Amino acid sequence: MYFLELKEIRKSFPHPAGKEGIDILCGIDLRLSRGGALALVGPSGSGKSTLLNIAGTLDSPSSGQVLLEGRDLAGLPEQERARIRNREIGFVFQLHHLLPQCTVLENVLVPALARSAPAPAERLRPRAEHLLQRVGLADRQAHFPAQLSGGELQRVAVARALIHSPKLLLADEPTGSLDLSSAEELARLLLELNREEDTALMVATHSHRLAAAIGTIYSLRNGRLEQGYC
Amino acid sequence: MNSWTLLRRSLVHYRRTHLWVLLGTMVSTAILTGALILSDSVRYSLERIVRSRLGNAEFALAMEDRFFRAGLADRLAGALRTDAAPVLRTRGVAVLSGGRRRVNRVEILGVDGRFGRLGNCPEEYSRLAPGEVLINRALGERLQARAGEEILLRMEKPAFFPKDAPLAPDQDLAYVGRYKVKGIVGDEQWGRFQLQANQVASCTAFLPLEGLGRDLELEERANLLLLSVRRGEPLTGEEIGKALRTVWSLEDTDLEAVPAPEAGRLEIRSRRIFLDPAVSAAAAKIDPSSQPVLTYLVNRIRKGERSAPYSFVSGAASPLVPGELRDHEILINEWLAEDLGARAGDDIRLAYFVVGSTRALEEAVSEFRVKAVVPLQGAFADRRLMPALPGLAEKESCREWDPGTILDLSLIRDKDEDYWNRYRGTPKAFVSLAAARKMWANRFGDATAVRLSGGPPEELVGRMTSLLDPAGMGLTFQEVRRQGLAASRASVDFGGLFIGLSFFIILAGLLLTALLFVLQTEQRAAESALLRALGFSAAEVRARHLREGLVLAAAGGLTGALAGVLYNQAVLWALRTVWQGAVGTSALHLHLRLPALAAGAGLGALTAFLAMVLTARRQLQSPVPGLLRGERFLPHSPKRSGFLAFVTACFCLAAAAWILYRADWRRPDESFLFFFLAGAMALAGGIAVADAWLARLQAHGRGSSFRPAFLGIRNLARRRFRSLGLIGMLSSGMFLVFTVGAHRQGERTDAARRSSGTGGFALVGETTLPLLYDLNSSKGRQFYQLEREAGPAVRFVPFRVQEGDDASCLNLNRVSRPRLLGVNPRELAERKSFSFVETLPSLQGQDTWMALDEIPADGPVPALADQTVLTWGLGKAVGDTLEYVAEDGRPFRIRLVAGLANSVFQGSLIVSEKALLRYFPSHSGHRFFLADVPPDQVGGLTERLSWALSDLGLDVVPAAARLADFNQVQNTYLSIFLILGSFGLILGSVGMGIVVQRNVLERRHELAVLLAMGFRKREVRSLVVREHLALWGVGLAVGAVSSGMVILPSLAAGNAEVSWGLLLLLMALVAGGGLLWIALSAAWATQKDLVPALRRE
């Protein structure tokens, strides 16, 4: 049994003029084993982010199944999907989306404030500190997002995504807004953590270097998925 | 890190936007709290006024035209173990020495130390010497008199003998005295004493009781008795009634018991000349053979060509008049028989006056057959049968007679003089009691004396005293303190009123709160999305936002409540000064109560929080991926909602058109509600049209016409609900402020119409002293020297005035017994004067005025009043009843049968004159009149009336002006609404400014892109301006069209007094404020370097 299995995923959006809907994903099948990693590549608008959001329960497919350890997530109620997102899935976005009002450490602990969080924030503090040390920001814990560089902000976002030791880390263009060296540093970090934390990693990216570093590459074009570059 | 840390951090981080949300909450809370405190303050102030005006007085016995012996107060005080004060009360005109200033309707009170004791200032009033007067502050201010100056008081001279009674004197009706002002008494010296429940202090002059009694020829008499609050065991009406029965005597009232000429018989007479029927009835119970006597002065007794002038004739029962004397038979004495040459069996005629309207006596004639000629001796020579008529009884010669009746003294012959000298008023003829009553009984009584036997006189008097009910003689106490406090507690709800008047500013505050909260939520959309991505449920994210909102609402509530105290102080100051027209008093005091503060804070916080809940609910329904991409609005189906808006618009506009079609355009005032509804529907329809337009833009764009302006217009559709909110706020603000503001009532141009509030009358007059003669009669016009100016085309409609509380909107108290105006309703029915808003269904199809004359024998008296008085002044509706107390102490009910459209009668109830006289028979004269005057004679007649009736304290004004005076209260409220509404508009324009700025801020990157694409800064600025101008223009247009529907009919009819200056100012506020914000935001948006915005993108 695969850790994550997407079966016949279809997604279409209504046409603005009310005509027939636009198909973004046309029957995607994808499998990812525990601790595995894959990169999704494809031109803009090809549906990479949509597929990632569907895998992370932020969006629902028009049809098809999203199986996480054999459980179909598509039909779950919102409360349950929120619980799964909190405990079992981590997200990293192109923009860091850190809370400007909170310090770096607090930002990492924010997921612990959700009702479905497995442990209170105080108990997770050592892990947050450990993660920050791991991403090289141990000395920036008390800083606010406004005082950090773009690469540092994105590393905080990675630490935040890993606070509950998720089984699946979804990253949507994580290096998209970073300079080359920061991007490479972040890519290295994601892969190290993938190995260290035994977290399955699924990255949507335009970066060939990042995709190559991950190894397994899937291309999304015209709503269909193919292994390797098209 | 925990939830509270996050909350605290968010509050601090977003403090700038939070501050605006807090400000919005604070404003609405301050207004709410201020209104609640105002409600408490007004009630507290009114209660204070009740205590100021009543001092320690708890019960009062107030008689209008009857008098009791002042000593009764002391006896009653002793029996009840409390203080009591007798007061002699009349009304008059005060003139500052030299005639420099004159004040009508002055309450003149004869008081002594006993009165002062009830007001906790015995010294003040006990030291008043003859010739000295204390005046209260209100009179002092109006006269501008100071201590030591002299004032002239011309006062009504009350008397036992009612002035409207036949044979009442028409001279000596007023007393004029010159007094030195000893001092001016304020509230602390009980200068505010008055029985009427009114916050406006009456003008009062205090004179020494003894001196005033002497001047008015009412020594040792009073017509007002005040009983003090009893410490320990409170007084009850029942206890007072019992005590009164034990201490009162016949002499305390108008009755006097004198020995009758026949041995062992007692005669009861009245200083009022005519005896109340209850007295004869009591005498009959003691002595079934008691003998009522009715003696009357007849003008002529004629037989053929011979006649005897001015003779008294008595009607009595056996034994004075033989029992077998039939009603058409008469006994004449030998003197008369000889004078007329009459014998038994001859027919003779009696000509005599009967009571008509006011003092207009009408001569009637009755024919009798002489039964016998009786000798002038024994019972037939009893000169005491003649009542002690003032102006007659005390005269030595009958040529000196001076009764109020038109007597031709030249007719008196020497032999008549001789008879007077020898026999005085000894009756010359006798008829049966029934015949006498048929001819001469009137509303004042049906006997001039009653004679009874059956025991020693003292015992008979005692039995009479115990049989008669003092309450039936007018000795009725009212619980004035309780009634006053009840009236003040049920007063006009100023809290509700001010919440209503501040409606727009509260709404604007709440809208601002909601708007800013939404903007803030939108601004933090990505944060919300992130939390969702991190596993927070939508409800949790919403709860997080609302928790912040709750803190803001609570903080806004608390600070708003404190600001509410300041706001209240400002409103109280305004009500005491510039808005005094609404309350008529400057005695308003701040009264802070914790419950009001807490309720204001709680209510303010709660409403603000609810506004946040409602708006946040929608915002946080947005899908996460969109929010993460920075999309801050909820995608929705513009087609469906656009269709809904279109349907709503069609429905509302059709409804507005239908209402306009149904409304009566000739009577814009009566149809105001229709026009307002039509305007409101047009407003809703206009907003719906705007919504449909925006939805259409959102769904389809604007076809092929792709121009720069199109970008801006499309942007309006992108933020559709924000745009709609602005249109709604602008148009509603304009609608409310303009429709209400432009509906001020001025002097009406239709005042000459019979159906208007003036009844078509040109003048309204009110006198302090009664008009005893009919102003329509030649006698009356001659008496008042009006023959020249009051031509045949001038007609007066007089009203009797039975004093009561003022139920107009000038009185804040909820009164229960308003002043009664008694009129002959035919006068108004024939003219078809005034209009009715509502009548009893049972009166449909009949003349409403004439319904006043349908007075059931024992049912309620029909009455009518202005509908506004019924609703607001009395808290009643057509069909309800009110309880009054008649002159003789009997309670009676008044039923409200109709409500008048706004009229000159505001504040009073109108009843039939007949009904008023039935329950207040001693009532004398008219004190209110309406005058029909040809337009070219109005000026001359007003001047003449003012001069001729100045001694009666006449205030005469054009009827239209009086109506406009009443409208001043309404206009003051409208001004308050306008001023508070302008604050709301300012707040609304701040909201608009924030929205415009926010719109621009959010689109900085778009604008930057336009610049990058080669647009010039001016073009970009123009784009921003045009976009918002479209919103502004649509909002103003919708507001203007809908408010126009309401105000144009009134403007066209010339009924609305538009304060153009204020409206233009408001227009400048609304329009200019919006333009200013648009211009500033556009300038700001393009002035800054937009390139960084591109980098952020």
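Residues numbered from 1 in each chain as written. Chains lettered and ligands numbered in written order. Predicted model: local features only at pLDDT ≥ 70, side-chain atom pairs only at ≥ 80, totals over all residues. Heavy atoms only, no water.

**Q** Can you walk me through helix 1 (residues 48-55) of chain A in this structure?
**A** Each turn of an α-helix holds 3.6 residues, which means side chains three or four residues apart point in the same direction. Residues and elements named next belong to chain A. Among the eight residues that make up helix 1, seven are buried, leaving the element largely enclosed by the rest of the structure. For helix 1, the set of buried residues is K48, T50, L51, L52, N53, I54 and A55. Positive backbone phi, at 65°, marks T57, one or two positions downstream of helix 1. (Buried < 20%, exposed > 50% of the residue type's maximum accessible area, 1.4 Å probe, protein only. Helix = DSSP H or I, 4+ residues; strand = E, 2+ residues; numbered from the N terminus.)

**Q** What is the right way to read the interface of chain B and chain A from this model?
**A** Often, the extent of an interface is quoted as the loss of accessible area upon association of its parts. Opposite the 26 residues of chain B that make contact, chain A presents 28 residues. Together chain B and chain A conceal approximately 2,400 Å² of surface at their shared face, both sides included; 62% is due to carbon and sulfur atoms. The largest per-residue losses of area from chain B upon contact with chain A belong to M1, R9 and L534 of chain B, which jointly make up 29% of the total buried on that side. Measuring nitrogen to oxygen at the nearest pair gives 2.6 Å for the salt bridge that ties E106 of chain A to R9 of chain B. Taken together, chain B and chain A are joined by four residue pairs in polar contact (both at pLDDT 80 or more). Contributing elements (two or more residues each) for the side of chain B that touches chain A: helix 1 (3-13), helix 17 (525-533), helix 18 (538-576) and helix 21 (624-628) of chain B. Residues belonging to the side of chain B that touches chain A are distributed by class as follows: 13 nonpolar, seven polar and six charged. (Contact = heavy atoms within 4.5 Å. Buried area = accessible area lost by both parts, 1.4 Å probe. Salt bridge = Lys/Arg side-chain N within 4 Å of Asp/Glu carboxyl O. Polar contact = N/O pair within 3.5 Å; in protein donor to acceptor, adjacent residues only side chain to side chain. Nonpolar A, V, L, I, M, F, W, Y, C, P; charged D, E, K, R; others polar.)

**Q** How should I be thinking about the packing of aromatic side chains in this particular structure?
**A** The geometry of two aromatic rings is summed up by the distance between their centres and the angle between their planes. Residue and element names in this part refer to chain B. The full count for this structure, using the stated rule, is 28 aromatic pairs over all chains. Measuring from ring centre to ring centre gives 5.0 Å for F783 and Y784, while their planes differ by 85°; the resulting arrangement is edge-to-face. Judged by relative accessible area, F783 falls into the partly exposed class, the value being 33%. Ring plane angle 45° and centroid distance 6.3 Å describe the contact between F905 and F928, whose orientation is recorded as tilted. Taken as a pair, F905 in the loop between strand 27 (891-900) and strand 28 (908-912) and F928 in strand 29 (residues 926-932) lie far apart in primary sequence, 23 residues in all. (Phe/Tyr/Trp six-rings, centres within 6.5 Å; stacked < 30°, edge-to-face > 60°.)

**Q** So what exactly am I meant to see when it comes to the pattern of salt bridges here?
**A** Two side chains of opposite charge can pair, provided their charged atoms sit close to one another. All names here are of chain B. Inspection of the entire model under this criterion finds 66 salt bridges over all chains. Notably, a salt bridge pairs D112 with R114, separated by 2.7 Å at the nearest N-O pair. We classify R114 as buried; its relative accessible area is 17%. For E479, the salt bridge goes to R482, with nearest N and O atoms at 3.0 Å. Exposure remark for R482: the relative accessible area of 48% places this residue in the partly exposed category. Linked through salt bridges whose partners overlap, the residues forming this network are R66, D254, R272, D276 and E887.

**Q** Quick question: what am I supposed to make of the sheet that holds strand 8 (residues 200-204) of chain A here?
**A** The pairing of strands in a sheet comes from backbone hydrogen bonds and takes either a parallel or an antiparallel form. Residue and element names in this part refer to chain A. With mixed pairing, the six strands of this open sheet are ordered in space as 6-7-8-3-9-10. Two strands in the sheet have a free side with no partner beyond their single neighbour: strand 6 (89-92) and strand 10 (224-227). Each strand of the sheet is rotated relative to its neighbour by a mean of 20°, with strand direction disregarded. Bridging between strand 3 (residues 37-41) and strand 8 involves four bridges; their strand directions are parallel. Counterpart to L40 in the pairing with strand 8 is A204. Sitting on the sheet, helix 1 is in contact with strand 3, strand 6, strand 7 (168-172), strand 8 and strand 9 (217-221), with an inclination near 155° to strand 7. (Pairing = 2+ DSSP bridges. Axes fitted to C-alpha atoms, helices over the stretch in contact; angles between N-to-C directions.)

**Q** Teacher, can you tell me more about a nonpolar patch on the surface here?
**A** On the surface, a cluster of nonpolar side chains totalling about 230 Å² of accessible area is made up of F503, L507 and L511 of chain B. By relative accessible area, which is 40% here, F503 of chain B ends up partly exposed. (Patch = residues over 30% accessible without salt bridge, like charges linked within 9 Å, V, L, I, M, F, W, Y side chains within 5 Å. Areas by Shrake-Rupley, 256 points an atom, 1.4 Å probe, with all protein chains shown as cover.)

**Q** What exactly am I supposed to notice about the environment of G27 of chain A here?
**A** Residue and element names in this part refer to chain A. Checked against the element boundaries, G27 lands in strand 2 (residues 22-32). Residue G27 is classed as buried on the basis of its relative accessible area of 18%. Between the C-alpha atom of G27 and that of G223, which follows or precedes it by 196 residues, the distance is 7.8 Å. In contact with G27, not counting residues within four places along its chain, are E8, I9 and R10.

Limitation: the analysis is restricted to geometry and does not speak to function.
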